[in-house]
Amino acid sequence: MRSTSHFALCCTAASSLFIAAAGAQAETTITVATVNNGDMIRMQGLMGDFNAKHPDIKVNWVTLEENVLRQKVTTDIATKGGQYDVMTIGTYEVPIWGKQGWLVSLDDLPASWDVNDLLPPIRDGLTVDGKLYAAPFYGESSMTMYRADLMKKAGLKMPNAPTWEFIEKAARAMTNKSAGVYGICLRGKAGWGENMAFITAMSNSFGARWFDMKWNPQFDTPQWKETLATYLSLMHKYGPPGASSNGFNENLALFQQGKCGMWIDATVAASFVTDPKNSKVAKHVGFALAPHKEGIKKNGNWLWAWTLAIPAGTKQVAAAKTFIEWATSKDYLKLVASKEGWANVPPGTRTSLYKNPQYAKVPFARITLESIESADPTHPSVQEVPYVGVQFVAIPEFQGIATAVGQQFSAALAGTESADQALSASQSLTKREMTKAGYYK
Amino acid sequence: MATQHSRVTARWMISPSVVLLLGWMIVPLAMTIYFSFLNYNLLNPGPHNWIGLQNYYFFLTDPAFTTALWNTIVLVVGVLLITTVGGVALAVLLDQPMWGQGIVRILVIAPFFVMPTVSALVWKNMLMNPVNGLFGHLATALGLHPIDFLAHLPLFSIIVIVAWQWLPFATLILLTSMQSLDSEQIEAAEMDGASAVNRFIFVTLPHLARSIAVVILIQTIFLLSVFAEILVTTNGGPGNASTNITYLVYAQSLLQFDVGGGSAGGIVAVVLANIVAIFLMRMIGKNLEA
Amino acid sequence: MARRVTTSRKALVTVAAFAIGLIIFFPILWTFLTSFKTEGEAVASPPVFLAFHWTLENYAEVNQRSHYLLHFYNSVVISFGSTLIGLVIAIPAAWSMAFVPSRRTKDVLMWMLSTKMLPPVGVLIPIYLLFRNSGLLDTLTGLVVVLTLINLPIIVWMLYTYFKEIPGDILEAARMDGASLRNEILYVLTPMAVPGIASTLLLNVILAWNEAFWTLNLTAAKAAPLTAFIASYSSPEGLFYAKLSAASTMAIAPILVLGWFSQKQLVRGLTFGAVK
């Protein structure tokens, strides 16, 4: 066993590690906080390229699970703890933090970095008052992934833009519980970035919205009722057991094992489910846009990007910018392509990537781009809204509120509460928190 | 026996511990009390207004609060019950003459060494997950429907996980205590014709009383602030079904970044913990009087 | 008269005890086995127990992805450092409580224990601010300080209950012989208390090793111990059971092995004065 030998080696090895660290004082060390998603882990494996180009910069990684990471970087930046030089944050944080003056503007990245190449919806989401505050590492929307083999067996054909009615029909046809195949897998784990990202985006496709123009929560509207009823009925009839604790990762694992007929989730999942090394169904995956309700011109897809940003107050701004420039450059995309193939390139950030004929051969490239371009953070719903954000509301209070609402919806999915109970509890708790935060003067 | 001089020395020797702990208690506590009266959200910098008792009002009237209070009690009492009853049973069993006692002890003690985060991850993913978990496979093999533990029995699942971690601790203390039981006492009872059950009730249990008291006291201290297990497995849900007070305070201060509200919740939790502490000390402290 | 034990009864007890022991140990065994499977085998249905292709690839990948040795080193420094400092502070306190008790001794002891009941989440922000101001964020020093304070009450209490069982007459005799207080503690009390001190040390090393709230929240890259190492494997994308198992095994193995080898010492003092 490895760890026992480590145990014996510990003292010598660990102390030599420290001597090495101390000996390298002359170089600049930056600390990068990031999530443990596949693309970031791949980047850590490719650091040899960065080290070769910038031998004077040493990068320390702090890789954490998303929720832990968010909690730690938020605490740190809000208290000006200064523990990190580069933070991986999402499109939810960037506008709020940028407005607070907590981030260093990236407008002075060199021209070769080519800011105009960024996809417009992504760039807009990272710009506050005309200044770019974060560089996108990868961008994503959501889409429908399905098992083409099972669809064929069921005698159905997935349209490019399916309706919820069709999804229901297909889920019914593909479900074969005795064989361990569930027609549809959707997020159920409570969290604003988990089930609420999906359900909020889904609600947009039913014409619902979080708040009216006076910031009154809208969970008592028929649109929300219909959203939740559709979600629950799909999952109760055709979903896997334990769905209320399934997030992105759990569903990905299920889909890769061939246990899901359809899965509506992040576009980045496409490269994982088509990877024959880890996915049993790699050859049989088809892609379509996220579903919409008949007659409503919004698909239930979101818009998200994981971005790299520099907290104001770090002493290593120059080194941090060098690192961000490398990690989000066109060359980085080429580097990944040369080592791991085009399908594994971090997607959804640059127009040039989608113009690249080699990338166009990747089966999910077109749908990903189409999904990203169809998302509109400033007009998420067909109704008027006072906020920005597709699957979130870019106000500081949203994380807490949406996580609590997510708990209610998760309880409804687990069957411990009815849909009506969950909606009315969500309505009152949101009203409470908004009152507390002083939105109604 | 103690002279005036040694009393002074004694006070002097105890002071580092007392001063340090006093500092560790008072400084954060004072800051927390101060924050609890402010409108202080980490994400909204700028002046933090004095808002009086509003944070307390919102925390105490939160419908989740009563649920969390109840869950905390159920969790603590549930784990205590399982670990003390199970611990006594295991101690009695392991105290019998047998082969390979050392190996069994190694097996039983092991969960105590496992990090709470790791044990929660293992139970959640590898045992309780209805699709890929072992319990699910077991149920399917027996022709049953797999139970989705974390969704349908969330609090129970957490009690099981936490009890698994603390059972070894209880067993060890109780076993040590069993081994110190005078075997002549048992034999005398045996001679008098006392049945095995009666011997257990009238000789063994009273002997174990002090150890049981210790087990309850120490475990309560740790169980009141069970947190990692909930965070990793259920996130307090579904709904609020597995939210305890500690988790509720966490949700306020680190999910909503509402330092004011979280501080008020923290103070409420401290008050509640102290009520429990006073009860415990009264009931059990007496038992510990040497 | 020794009690007679029939062989069949002994066999029955042995079987029962092993069955229960294995059930309790099973989750750990399962994690250990899974760490040698491929990701596919880890979620195979029906599950495989031993008949899989044993592989070290998970360990290799975890090692490549994380600085295991750095986290391990930090865990060792934090857990042993905080316990040793705690012992140095607590031994005099426990001595004076045990041998020069006053009316308030018990109240002080109970008060110390009650400080452990404060929910840590409630005071994270204040502590974070204090740490930031004193430059202790992400330092081993900072974590050693916090964990010393957290475990101090338990250390004082364990030592106190252990010291109390040492007959005061012996100390009295040493004093008569002209031993100074320092010598009394160093040469008379400490040797007699070695089992108690050893077991206190072990228990607190275990508690400190497994402490996951402060160690995770007050560190970033440099001082992060194994609890942070685990947090990077807790739910990554895709199949992760085997890698999670490997990381878990690496995180708990050192303390498990330490605990097993020293369980006699651990148990001997782990009575909190409850055993006379």
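### Some remarks on the overall build of chain C
If you tally the helices and strands in chain C, you get 13 helices and zero strands. For chain C, the succession of helices and strands along the chain, N to C, is α-α-α-α-α-α-α-α-α-α-α-α-α. Structurally, chain C occupies a C-alpha span of about 70 × 70 × 30 Å along its principal axes. The buried share among the 276 residues of chain C stands at 57%. For chain C, restricting intrachain contacts to residue pairs at least 6 apart in sequence, the fraction spanning at least 24 positions comes to 80%.

### Some thoughts on the overall build of chain A
The number of helices and strands found in chain A is 19 helices and ten strands. Against the compact-globule benchmark of 22 Å for 441 residues, chain A has a radius of gyration of 22 Å, which places it among compact chains. Taking the principal axes of its C-alpha atoms as reference, chain A extends roughly 65 × 55 × 50 Å. Of all 441 residues assigned to chain A, the portion counted as buried reaches 54%. For chain A, the proportion of contacts with a sequence separation of at least 24, taken over those separated by at least 6, is 75%.

### Quick word on the nonpolar core
By size, the foremost hydrophobic cluster in this structure holds 314 residues, and its most contacted members are Met145(A), Ala94(C) and Leu159(C). A per-element tally of this core places helix H7 (residues 140-164) of chain C first, with 17 residues. Sequence-distant contacts of Ala94(C), defined by excluding residues within four places in its chain, comprise Val156(C), Leu159(C), Tyr160(C) and Phe163(C).

### Notes on the interface of chain B and chain C
Each partner contributes residues to the interface: chain B has 85 residues there, and chain C has 80 residues. No other element matches helix H1 (residues 4-35) of chain B, which puts 16 residues into the side of chain B that touches chain C. Along the lines of polarity and charge, the residues of the side of chain B that touches chain C split into 58 nonpolar, 23 polar and four charged.

### What about the domain arrangement of chain C?
Once the domains are mapped, chain C shows domain 1 (7-60) and domain 2 (66-232). If you average the C-alpha positions of domain 1 of chain C and of domain 2 of chain C, the two centres end up 35 Å apart.

### Some points on the domain arrangement of chain A
Residue and element names in this part refer to chain A. By the assigned domains, chain A splits into domain 1 (25-133 + 304-360) and domain 2 (142-302 + 390-436). Computed over C-alpha atoms only, the centres of domain 1 and domain 2 are separated by 29 Å. Opposite the ten residues of domain 1 that make contact, domain 2 presents ten residues. Its residues assigned to classes, the side of domain 1 that touches domain 2 shows six nonpolar, three polar and one charged.

### Points about the interface of chain A and chain B
Taken together, the contact between chain A and chain B spans 27 residues of the former and 26 residues of the latter. Broken down by secondary-structure element, the contributors of at least two residues to the side of chain A that touches chain B are helix H4 (66-78), helix H5 (93-100) and helix H18 (398-414) of chain A. Here the side of chain A that touches chain B gets eight residues from one element, more than from any other, and that element is H18(A). For the side of chain A that touches chain B, the class distribution of residues is nine nonpolar, 14 polar and four charged.

### Section: the packing of helix H10 (residues 222-238) of chain A against H18(A)
When two helices pack together, their arrangement is given by the angle between the helix axes and the distance between those axes. All names here are of chain A. Between H10 and H18, whose axes approach to 10 Å, the crossing angle comes to 40°. It follows that H10 is oblique to H18 by the angle criterion. When the axes of H10 and H18 are compared, the crossing they make is right-handed. Contacts between H10 and H18 involve Leu228, Leu232 and Met235 on the former and, on the latter, Phe409, Ala412 and Leu413. Counted by class, the contact of H10 with H18 contains six nonpolar, no polar and no charged residues.

### Points about the confidence of the model for chain C
For chain C, the mean per-residue pLDDT works out to 85, and 93% of the residues sit at or above 70. What the predictor reports for the complex is a pTM of 0.86 with an ipTM of 0.87.

### Observations regarding the environment of Pro55(A)
Tracing the chain through its elements places Pro55(A) in the loop between helix H3 (47-53) and strand E2 (57-64). Sequence-wise, Pro55(A) and Thr28(A) are 27 residues apart; in three dimensions their C-alpha atoms are separated by 9.5 Å.

### A word on unusual backbone geometry
The bulk of non-glycine residues show a negative phi, and the bulk of peptide bonds are trans. Positive phi is not limited to glycine here, since Asp114(A) has a value of about 60°. Take Asp114(A): it is sitting in the loop between H5 and helix H6 (120-125). Even without being a glycine, Asn235(B) presents a positive backbone phi close to 55°. Along the polypeptide, Asn235(B) turns up in the loop between helix H11 (228-233) and helix H12 (245-255). For Asn235(B), a count of 26 C-beta atoms within 10 Å corresponds to the buried category.

### Focus on the pairing of strand E10 (residues 303-309) of chain A
All names here are of chain A. In terms of burial, E10 is a largely internal element, seven of the seven residues being buried. Taking every second residue as pointing to the same face, both faces of E10 are buried, with Leu303, Ala305, Thr307 and Ala309 on one and Trp304, Trp306 and Leu308 on the other. Bridge count between strand E3 (residues 86-90) and E10: four bridges; the pairing is antiparallel. In the sheet register, threonine 88 faces E10, and the bridge partner there is leucine 308. The pairing of strand E6 (residues 135-147) with E10 spans six bridges and is classified as antiparallel. Paired with tyrosine 138 across the bridge in E10 is tryptophan 306.

### Observations regarding the environment of His145(B)
Residues and elements named next belong to chain B. With respect to the element layout, histidine 145 can be found in the loop between helix H6 (134-141) and helix H7 (149-152). Residue class for histidine 145 comes out exposed when judged on the 10 C-beta atoms lying within 10 Å of it. C-alpha of histidine 145 to C-alpha of proline 130: the two residues are 15 residues apart in sequence and 9.2 Å apart in space.

### Examining H4(A)
Residues and elements named next belong to chain A. Taking 1.5 Å of rise per residue, 13 residues should cover 18 Å, and H4 covers 18 Å from first to last C-alpha, within 8% of that figure. Counting buried positions along H4 yields twelve of 13 residues, so the element is predominantly enclosed. Buried residues of H4: Glu66, Asn67, Leu69, Arg70, Gln71, Lys72, Val73, Thr74, Thr75, Asp76, Ile77 and Ala78, and no others.

### Side note on the confidence of the model for chain A
The predicted model of chain A averages 89 in pLDDT, with 94% of residues at 70 or higher. Taken together, the stretch residues 1-25 of chain A has pLDDT below 50 and engages in 20 contacts with residues farther than four places along the chain or on a different chain.

### Quick word on the packing of H18(A) against helix H19 (residues 419-436) of chain A
Residue and element names in this part refer to chain A. Put simply, H18 and H19 touch, their axes get as near as 9 Å, and they point 170° apart. Put simply, H18 runs roughly antiparallel to H19. Mapping the contact onto sequence places Gly400, Ile401, Ala404, Val405, Gln408, Phe409, Ala411 and Ala412 in H18 and Ala419, Ala422, Ala425, Ser426, Leu429, Thr430 and Glu433 in H19. Looking at the contact of H18 with H19 residue by residue, the class counts come to ten nonpolar, four polar and one charged.

### Examining the pairing of strand E9 (residues 285-289) of chain A
Residues and elements named next belong to chain A. Judged by how many residues are buried, E9 sits mostly within the fold: four of five residues are covered. Of the pairings in the sheet, the one linking E6 to E9 comprises five bridges and is antiparallel in character. Of the residues in E9, the one forming a bridge with tyrosine 146 is glycine 286.

### Structural notes on helix H11 (residues 248-256) of chain A
Every α-helix carries 3.6 residues per turn, so stepping three or four residues along brings you back to the same face. All names here are of chain A. For H11, the tally of buried residues reaches nine of nine residues, placing the bulk of the element in the interior. Turning to H11, its buried residues number three or more, namely Phe248, Asn249, Glu250, Asn251, Leu252, Ala253, Leu254, Phe255 and Gln256. Elements that come into contact with the buried residues of H11 comprise E6, strand E7 (182-185), strand E8 (260-266) and helix H12 (269-273). Just downstream of H11 lies glycine 258, where phi reads positive at about 80°.

Conventions used here
- Residues numbered from 1 in each chain as written.
- Chains lettered and ligands numbered in written order.
- Predicted model: local features only at pLDDT ≥ 70, side-chain atom pairs only at ≥ 80, totals over all residues.
- Helix = DSSP H or I, 4+ residues; strand = E, 2+ residues; numbered from the N terminus.
- Buried ≥ 20, exposed ≤ 12 C-beta atoms within 10 Å, placed from the backbone.
- Contact = placed C-beta atoms within 7 Å.
- Rg over C-alpha atoms; globule rule 2.2 N^0.38 Å.
- Core = buried A, V, L, I, M, F, W, Y, C linked by C-beta atoms within 7 Å.
- Nonpolar A, V, L, I, M, F, W, Y, C, P; charged D, E, K, R; others polar.
- Domains from an automatic or database assignment.
- Axes fitted to C-alpha atoms, helices over the stretch in contact; angles between N-to-C directions.
- Parallel < 35°, antiparallel > 145°, perpendicular 65-115°, else oblique.
- Left-handed = near helix turned anticlockwise from the far one by under 90°.
- pLDDT = per-residue confidence, 0-100.
- Pairing = 2+ DSSP bridges.
- Expected span 1.5 Å × (residues − 1).

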